[in-house]
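Survey of secondary and tertiary structure
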Amino acid sequence: MRFKVPHAPARPPARQPVLTSRAALLALMAGLLLAASEVPAAASGSEKAGSDQTPTDKPSKDAPEDKLDIRISGIKDPLLTNVRNRLETFRLSRGERLSRRRVRALVDNMEKEAASAVRPYGFYHAIVSSEIIESNGAGWRINLHIDRGPPVTIVDSEVVVSGAGAGQSDLRDWQKDWPLTSGKRLNQITWEAQKSQALELATSEGYLSARFVRHRIELDLEKNEARTELELDTGPLAVMGTITFNQDAVKPGVLERLPRFKTGQAYDAWLLEKFRLDLWQTGYFDDVEMIEERRLEENPPQVNLVVTARTRPRNTYQGSLGFGTDTKLRAQVNWSRHLLSKRGDSLDVGLGWQQKNEEYSFKTSYRLPRLAQQREFWTADFQVRKENQDLKVKSDDSDADFIELTNGDVIDYSLKPGKLIVRDLARGYQQIYETWYAQYVLEKSTFNLRDFTIGQEGIELQPDELNELRDTGSSIALGVNWDWPVIRGSAFDTSGHHERAWIFTAQKAWGSEKEFTQAYASSNWHLLMGEHWKLMLRGELGYTDAEVAELKLDVDGVPLELSATSLPNLYRFKAGGSRSVRGYAFEELDNNGIGSNNIVTASAEVEFNFRPDWSLAAFVDVGNAFNDWNDMSLKRGVGVGVRWYSIAGPVRVDIAQALDIEGNPWRLHFTIGTPLL
């Protein structure tokens, strides 16, 4: 017996079609009509059919309703789940009693439905047997046993991709990995899923007219064999068309530079989603709706966009209070004015405080879009920061404790105008943020004279020894920095990389009182390895050409050296802490507690996700901040930690040991937030 099986259209419906012969279809229709005239119901019983009890064909309406308890044996998932879903309607009840004749009619239909439910998985000769058990008139238990029989095997399979997109790598991989090859069991569920996947791949590549011009399964149920044919025609490549903005927040020209694609570029669903997110991230809008107008009849097919955006409230106020082992207590208050005018300019103002170093900060940032060929902004930042610093030194590099010499305040006033350019990389899939700027810094630092002791002896620093540390000066630097984040996923599944780099110089030639040059680069990688493992690598390198003052002291016959850079405090490097070399205190690794010209750090960490939202980690860190490249003295730390991926972000608790300090002390580190940001 041979017949062709009807198939779904090119885009498959939600419910999978069932392959059946004409005789089986007629029997199924007759059974459904019979079931419709009866009342399905459900519960459990204990007496078997064929007992001495005499069934009543006309039960009393006043009697309690019957229920059906359907039990299935002989098969496993996914066949079992499909059978259960098909039989679910038989559990419904109209609140009346069922006679044995009605139950028998329902069971006959159940057998037909159960046999039909296993056919999509390639079993066309299933045998279903049943047992009816009555529980003293209180309900019925139906035992169905399914012998699925021999499967239908594919003896010939042809899968073809044609059209303009036949050479696309994703479609070639789909064709190469086709699972229903010769010798495999016929599975129509897999067949339809693979068809849907192919259409999704074609659409994501811009082939919106893709369709199946051949999709046929030919069955020979006498031999239990099947032959399959499938051909996907991708059609022509669709392109991006025009964009219409329906909004009154900003004037024309402000949003037109926002898309990462151009008119005539190949259609890309991912870029459209990023365009919607980029619109929302401007801060101008509360809600963004984007409608695609697909004109597939044109040559080439074109997709126009209609964007409707609702203006958000212009002001946002935020406040936060937190604690970390690096900063101790900290607090921050921010005010954002998302739209100062229809030019799209915005203003952010923030106040911050942290207990560590008694640091206070005030910062304002202004941004104005430029109507240029690419996405550009004029920027201006003004900042005032004050922190209290300890001038300290060690008599030996392996000592656990510092000797505090004196204490002072450092106040920095900074004005930084610049131009931000957002450059698209990898066809818009990535973006790099490039900022060219000039920065004026006025710094005031005062270290107060005080007594200190070493053992029983005491000395007092003289003013001439602190001339290099008492300073009020200004600098004007010109530079450029780059920020390149490529971050995907969330929680443990966050992966990608994040690079930062900058170079700037301050010279007396353009009015700077101090001269220095600095270059810096860092890279941070998160690499997923299977479902439960992740590798994190981090490194940074910074170099500064700036004057260094060497102060020499003699304390009770013990020579001490102070190495103090003339670099403004804003630009100095410090290492140590939860995001640097763990095992050492926050910003502990530098020259004398006031920062250094150069930095080198690196870290490797492996993380194991042992249950949802929880992970264990082990790591090794190395690095230091220093003024003299001949005396880097890189410090090492190792440790373990636990991660909790909460709604507020990753909570990281680490315990680390400093390997290069006498006694190898342990230190606890606590942070919130992903290290990639």
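Predicted model only: the values in this text are computed from it and were never measured. Residues take numbers from 1 onward in each chain, read along the sequence in its written order. The predicted nature of this model means local features are confined to residues of pLDDT at least 70 and side-chain atom pairs, given and counted, to a pLDDT of 80 or more, with totals for whole chains, interfaces and linings taken over all residues. Values shown for side chains rest on all heavy atoms present in the structure; no hydrogens or waters enter the calculation.

Another point: the overall build of the protein. Helix numbers and strand numbers start at the N terminus; a helix is a DSSP run of H or I with at least 4 residues, a strand a run of E with at least 2. A count of helices and strands for the protein gives six helices and 32 strands. Buried residues are those whose accessible area, probed at 1.4 Å on protein chains only, stays under 20% of the maximum for their type, while exposed residues exceed 50% and partly exposed ones sit between those limits. Considering the protein as a whole, with its 677 residues, one finds that 45% of them fall into the buried category. Between two residues, a contact is recorded if the distance between any of their heavy atoms is within 4.5 Å. Of all intrachain contacts in the protein linking residues separated by at least 6 positions in sequence, the fraction that spans at least 24 positions is 62%. Summed over its atoms, the accessible surface of the protein is roughly 34,100 Å², and 52% of this surface lies on carbon and sulfur atoms. Accessible areas in this description were obtained via Shrake-Rupley with a 1.4 Å probe; residue shielding takes into account the shown protein chains only.

This part takes up helix H5 (residues 188–204). Each residue after the first adds 1.5 Å to the expected span of a helix. In a regular helix each residue adds 1.5 Å, so 17 residues correspond to 24 Å; H5 covers 24 Å between its end C-alpha atoms and thus fits that length. Of the surrounding secondary structure, the elements contacted by the buried residues of H5 are helix H4 (169–176), strand E8 (211–220), strand E9 (225–233) and strand E11 (285–295). Here a polar contact means two N or O atoms within 3.5 Å. Within protein one must be a hydrogen donor candidate and the other an acceptor candidate, and residues neighboring in sequence count only if both atoms are side-chain atoms. Residue Asn 187 occupies the N-cap position of H5, its side-chain oxygen lying 3.0 Å from the main-chain nitrogen of Ile 189. Of the residues flanking the end of H5, it is Gly 206, one or two places downstream, whose phi is positive at about 100 degrees.

Attention now moves to the pattern of salt bridges. In the sections that follow, a salt bridge refers to a side-chain nitrogen of Lys or Arg positioned within 4 Å of a carboxyl oxygen of Asp or Glu. This structure, assessed with the given rule, holds 28 salt bridges. Measuring nitrogen to oxygen at the nearest pair gives 3.5 Å for the salt bridge that ties Glu 387 to Arg 385. In terms of burial, Glu 387 and Arg 385 fall into one category: buried. Linked by salt bridges that have partners in common, Arg 538, Arg 582, Glu 605, Asp 621, Arg 643, Arg 652 and Asp 654 make up one network.

Bringing unusual backbone geometry into the picture now. Asp 77 connects to Pro 78 through a cis peptide bond whose omega is 5 degrees. Secondary-structure assignment places Pro 78 in the loop between strand E4 (67–73) and helix H2 (79–87). Put simply, Asn 299 and Pro 300 share a cis peptide bond, and its omega is 0 degrees. Structurally, Pro 300 is set in the loop between E11 and strand E12 (302–311). Positive phi values are uncommon outside glycine, yet Ala 491 reaches one of about 50 degrees. Assignment of secondary structure puts Ala 491 in the loop between strand E22 (471–488) and strand E23 (495–506). On the basis of relative accessibility, which here comes to 34%, the residue Ala 491 falls in the partly exposed class. Of note, the phi angle at Asn 592 is positive, near 65 degrees, even though the residue is not glycine.

Turning to the sheet that holds E12, a few remarks are in order. Only strands that DSSP links by at least two bridges are regarded as paired with each other. Overall, mixed pairing links the three strands, which are arranged E10-E12-E11 in an open sheet. Both outer strands of the open sheet, strand E10 (239–246) and E11, are each paired with one neighbouring strand and no more. Strand after strand, the sheet turns through a mean of 20 degrees between neighbouring axes, direction not considered. In this sheet, E12 lies alongside E11 in antiparallel orientation, the contact comprising 10 bridges. Within E12, the position partnered with Phe 285 by the bridge is Thr 311. Think of each axis as a best-fit line through the C-alpha atoms, taken over the contacting stretch in the case of a helix, with angles from 0 to 180 degrees between the N-to-C directions.

A separate point is the nonpolar core. For soluble globular proteins, the rule of thumb is that nonpolar side chains tend to be buried together. Only buried residues count toward a nonpolar core. Its members are Ala, Val, Leu, Ile, Met, Phe, Trp, Tyr and Cys residues joined through side-chain atoms within 4.5 Å. Ranked by internal contacts, the top residues of the largest apolar core, which has 27 residues, are Val 83, Met 110 and Ile 142. Elements with a minimum of two residues in this core: E4, H2, helix H3 (100–117), strand E5 (127–134) and strand E6 (140–147). The greatest single-element share of this core, amounting to seven residues, is contributed by H3. When residues no more than four places from it in sequence are discounted, the contact partners of Val 83 are Ile 72, Ile 75, Ala 114, Ala 117, Val 118 and Ile 146. Membership of the second largest hydrophobic core comes to 24 residues, among which are Trp 174, Leu 186, Ala 198 and Tyr 207.

On to the side chain of Arg 643, then. Topologically, Arg 643 is positioned in strand E30 (residues 635–646). Of the residues examined, Arg 643 reaches a relative accessible area of 1% and is grouped as buried. One polar contact links Arg 643 to Glu 605, side chain to side chain, over a distance of 2.7 Å. Within the structure, Arg 643 has its side chain in polar contact with the side chain of Asp 654 (distance 2.7 Å). The contacts of Arg 643, once residues within four sequence positions are left out, are Arg 582, Glu 605, Glu 607, Asp 613, Trp 614, Ser 615, Ala 617, Val 651, Arg 652, Val 653 and Asp 654.

With that settled, the discussion passes to the packing of H4 against H5. Axis separation between H4 and H5 bottoms out at 9 Å; the angle between their running directions is 165 degrees. Judged on the interaxial angle alone, H5 and H4 are roughly antiparallel. Handedness of the crossing formed by H4 with H5: left-handed. On the side of H4, the interface is formed by Asp 170, Leu 171 and Trp 174, while H5 contributes Gln 194, Gln 197, Ala 198, Leu 201 and Ala 202. For the contact of H4 with H5, a count of residues per class yields five nonpolar, two polar and one charged. Just so you know how the angles are binned, under 35 degrees is roughly parallel, over 145 roughly antiparallel, 65 to 115 roughly perpendicular, and the rest oblique. Should the near helix be turned anticlockwise from the far one by less than a right angle, the crossing is left-handed, and should it be turned clockwise, the crossing is right-handed. Residues are grouped as follows: Ala, Val, Leu, Ile, Met, Phe, Trp, Tyr, Cys and Pro are nonpolar; Asp, Glu, Lys and Arg are charged; every other residue, Gly included, is polar.

This brings us to the environment of Lys 386. Mapped onto the elements of the fold, Lys 386 is located in strand E17 (residues 375–393). Along the sequence, Lys 386 and Asp 412 sit 26 residues apart, while their C-alpha atoms lie 6.5 Å from each other. In contact with Lys 386, other than residues within four places in its own chain, are Glu 358, Glu 359, Tyr 360, Asp 409, Val 410 and Ile 411.

Before going further, it helps to spend a moment on the packing of aromatic side chains. Here a Phe, Tyr or Trp ring, Trp counted by its six-membered ring, pairs with any other such ring whose centre lies within 6.5 Å, and the pair is stacked when the planes are under 30 degrees apart, edge-to-face when over 60, and tilted otherwise. All chains considered together, the criterion is met by 16 aromatic pairs. Summarising the aromatic geometry, the rings of Phe 261 and Phe 275 are spaced 5.7 Å apart at their centres and angled 85 degrees between planes, so their arrangement reads as edge-to-face. Here Phe 275 lies in helix H6 (residues 269–281) and Phe 261 lies in the loop between E10 and H6, a separation of 14 residues in the sequence. Look at Phe 261 and you get buried, because its relative accessible area is 8%. For the ring pair Trp 270 and Tyr 429, a centre distance of 4.5 Å and an interplane angle of 15 degrees mean the geometry is stacked. Taken as a pair, Trp 270 in helix H6 and Tyr 429 in the loop between strand E18 (403–425) and strand E19 (430–448) lie far apart in primary sequence, 159 residues in all. For Tyr 429, a relative accessible area of 32% puts it in the partly exposed group. Members of the aromatic cluster, joined through ring pairs, are Trp 174, Trp 178 and Trp 191. Charge over a ring is defined by NZ of Lys or CZ of Arg lying within 6 Å of the ring centre and within 35 degrees of the ring normal. In this arrangement the basic side chain of Lys 195 is found over the ring face of Phe 212, its NZ or CZ atom lying 5.5 Å from the centre. Sitting over the ring of Tyr 437, Lys 416 keeps its end group 4.2 Å from the ring centre.

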